[in-house]
Structures are given as structure tokens and as C-alpha cells.
Amino acid sequence: MKTTEAEPLAWRRRKDYRPQEILAAARRLIEEEGTTATSMARIAKLAGVSEATVYKYYDSKQELVNQVLVDWATPFVERLIAELRHITDLRSQLTLIAARFMRSIEETPRFHRVFYQELRWADYRGSALHKLNHVFAHSVVEAVQQAQHEGKVRADADPVMIRDMMFGGLEHVAMRTSFIGRPLDIDAEAKRYVDVLLCGVLSEPGEPRGPSETERLSALIDRMEAALRAKPGS
């Protein structure tokens, strides 16, 4: 009787762990071969379940791939955002983001290739992975905007453009190094890259903070009104 009662419990535990086992199998295959060579049948075989069981939990391979990427990226983003809360200097903030980004590429290059080269926009836009990546990428924008508010960055600097230059440039660094197995001093490279990126962006010591868009528009309206009042017969 005891054996009969224990068997359903063991079966139920096995069933409860199936989603995690499927995700682990998918992650292993994606890390080794990318998404193109990964199929639901191969994932099922590695996880020790039927292909029908995989489809029971995930409607498509793309949904499963996205979930694997979300599980991979979530702890990375959460840790980074938590660390950034304790840093107020823009240079230090961007250097930390750059170093974390390049180290992640070095540790999981296949996932980055999947994310940047294999993931289709239609399968990505609006997904949990999309929202997670927005939080990560926007950390650069928020850091630059805060520095602008404090007068440490030129008022005419574009935070979004700085973000694009930063991540676009770091991807090219990775293509020349991490993606092909060349050694890279990540901390030194991150510092050097951020120094170059901020060249000409930071306000000079003692330089007055430039006017904001609202202030410039208000000044323009004032000048127009003054010109109208100065017209004969006005």
C-alpha cells in the first residue's frame, strides 16, 4: 500500500518539473547550436519527454526560445539595475553597464548571436524579452538624462543617440574579440570606450548649463512678441 501511494506522488513531482526540464534542454541546445538547428523534437528527446508534452507547455518553438532568453536575461538586468542605484557618477555608471554587457557576451556568446541575429522582430516586439531589454538599454538614457539635469552633460547631447552609439560600438568590439575567441581585458576596454564616448559630451568645469528645449522655445516666443510690438502701428 505504501508503494502504491508513493508512486502517484513521485509521478506528480516529475510532472511538476517538466517545464523546467524542457527549458533546461532548450537552453543547452541553443547554447550549443543556436535556434536554427534546434527543434521541438530534439528538445523533447533531450528533456526525456514526448514532443507532444513540449507542445503542451509551449505553443511554438519561438515561444520556448523567448522564454529561455527571458530566464537568461532577467537576473542580469535585475542585478545591473540594483547596482546602478548606488552609483551617481555618469562615467562610472556607463563603465559598469559596458563591462557587464561585454562580460555577458563573453560568457554566453551564442545567446547574444540569437538575440541580435536570429530573433525576428515580429516574434520579439511587445514580448517580455522586449520589455526586459528596454529596461536594460534605457538605463543608459536615464543616466545621461540625470547628468544633463545636473548640468554635467551638454544640454544639446542626445541621450538616445549616446545609447545607440554605446551598444552599437560594443557589439563591434565583441565581434572582433569575444565572438571569435580573442582575449579581451573587459574592464580596461569598458573604461577606454566610455572615455571616448563621453569626449565632447560632458560639460566643461564651470561651464554654465545650456538652456533646455522649453527654455529655448520660450525665449524664441519672447523675441517674436517683442518684434511684433516694435512694428509700426502695432
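Numbering of residues begins from 1 in every chain and follows the order in which that chain's sequence is written. In view of the model being predicted, local features appear only for residues whose pLDDT reaches at least 70, and side-chain atom pairs are presented and counted only at 80 or more, with totals across whole chains, interfaces and linings using the full set of residues. To get the side-chain values, take all heavy atoms of the structure and skip hydrogens and water.

(A) How the structure looks around the overall build of the protein. Secondary structure elements follow DSSP: runs of H or I no shorter than four residues count as helices, runs of E no shorter than two count as strands, and numbering proceeds from the N terminus. Per the secondary structure count, the protein includes 12 helices and 0 strands. Secondary structure elements of the protein occur, N-terminal to C-terminal, as α-α-α-α-α-α-α-α-α-α-α-α. Residue burial considers only the protein chains on display, and all accessible areas are found by Shrake-Rupley using a 1.4 Å probe. Of the accessible surface of the protein, which amounts to about 14400 Å², a share of 55% is contributed by carbon and sulfur atoms.

(B) Focus on the nonpolar core. Among buried residues, those of type Ala, Val, Leu, Ile, Met, Phe, Trp, Tyr and Cys that are joined through side-chain atoms within 4.5 Å constitute a nonpolar core. Buried means the residue's accessible area, taken with a 1.4 Å probe over protein chains only, is under 20% of the maximum for its type, while exposed means over 50%, and partly exposed covers the values in between. Counting 62 residues, the largest nonpolar core has Leu64, Leu94, Ile97 and Met166 as the members making the most contacts within it. Broken down by secondary-structure element, the contributors of at least two residues to this core are helix H2 (18-33), helix H3 (40-47), helix H5 (61-84), helix H6 (90-107), helix H7 (109-118), helix H9 (128-149), helix H10 (159-176) and helix H11 (186-198). Broken down by element, this core gets its largest block of residues, 10 residues, from H5. The criterion used for residue contact is that any of the two residues' heavy atoms lie within 4.5 Å. If we ignore the near neighbours within four places in the chain, the residues touching leucine 94 are Val140, Ala143, Met166, Val194, Leu197 and Leu198.

(C) Summary view of the pattern of salt bridges. What counts as a salt bridge is simple: a side-chain nitrogen of Lys or Arg found within 4 Å of a carboxyl oxygen of Asp or Glu. Within this structure, the stated rule accounts for 12 salt bridges. Among the ionic pairs, arginine 28 bridges to glutamate 32, the shortest N-O distance being 3.5 Å. On the criterion of helical spacing, the pair formed by arginine 28 and glutamate 32 is a turn pair, its members being 4 residues apart in helix H2. Since its relative accessible area comes to 46%, glutamate 32 is described here as partly exposed. Residue glutamate 33 pairs with arginine 42 through a salt bridge whose shortest N-O separation is 2.7 Å.

(D) Structural detail: H9. The span expected for a helix works out to 1.5 Å for each residue beyond the first. Between its first and last C-alpha, H9 extends 31 Å over 22 residues, near the 32 Å set by a 1.5 Å rise per residue. Regarding H9, the residues found buried are Leu129, Leu132, Phe136, Ala137, Ser139, Val140, Val141, Ala143, Val144, Ala147 and Gln148. Check the buried side of H9 and you find it contacts H5, H6, H7, helix H8 (121-124) and H10. Immediately downstream of H9, the backbone of glycine 151 shows phi near 80°, a positive value.

(E) Highlighting the packing of H5 against H7. Axis separation between H5 and H7 bottoms out at 11 Å; the angle between their running directions is 125°. Taken together, the axes of H5 and H7 are oblique relative to one another. In this structure, H5 crosses over H7, and the sense of that crossing is left-handed. Between H5 and H7, the contacting residues are Val65, Val68, Leu69 and Trp72 on the first element and Phe111, His112 and Val114 on the second. Polar here means any residue other than Ala, Val, Leu, Ile, Met, Phe, Trp, Tyr, Cys and Pro, which are nonpolar, and Asp, Glu, Lys and Arg, which are charged; Gly is therefore polar. Residues of the contact of H5 with H7, tallied by class, amount to 6 nonpolar, 1 polar and no charged. Orientation is described by lines fitted to C-alpha atoms, with helices fitted over the stretch in contact, and by angles between N-to-C directions that extend from 0 to 180 degrees. Should an angle fall under 35 degrees it is called roughly parallel, over 145 degrees roughly antiparallel, and 65 to 115 degrees roughly perpendicular, with every other angle called oblique. By convention the crossing between two helices is left-handed if the near helix lies anticlockwise of the far one by an angle smaller than a right angle, and right-handed if it lies clockwise.

(F) Seen up close, the packing of aromatic side chains. A pair of Phe, Tyr and Trp rings is counted when the ring centres sit within 6.5 Å of each other, with Trp represented by its six-membered ring. The angle between the planes then sorts it: under 30 degrees is stacked, over 60 is edge-to-face, the rest tilted. Counting across every chain of the model gives 7 aromatic pairs. Ring-pair connections join several aromatic residues into one group, and the members of that group are Phe76, Phe101, Phe136 and Phe167. The criterion is that NZ of a Lys, or CZ of an Arg, lies within 6 Å of the ring centre and within 35 degrees of the ring normal, and then a charge sits over that ring. The ring of phenylalanine 179 carries arginine 113 above its face, with NZ or CZ at 4.3 Å from the centroid.

(G) Highlighting the packing of H6 against H11. Across the interface, H6 lies against H11 with an axial gap of 8 Å and an inter-helix angle of 135°. Overall, the two elements H6 and H11 adopt an arrangement that is oblique. Crossing hand, H6 versus H11: right-handed. Contacts between H6 and H11 involve Leu90, Arg91, Leu94, Thr95, Ala98, Ala99, Met102, Arg103 and Glu106 on the former and, on the latter, Ile186, Asp187, Glu189, Ala190, Lys191, Val194, Asp195, Leu197 and Leu198. Here the contact of H6 with H11 is built from residues that sort into 10 nonpolar, 1 polar and 7 charged.

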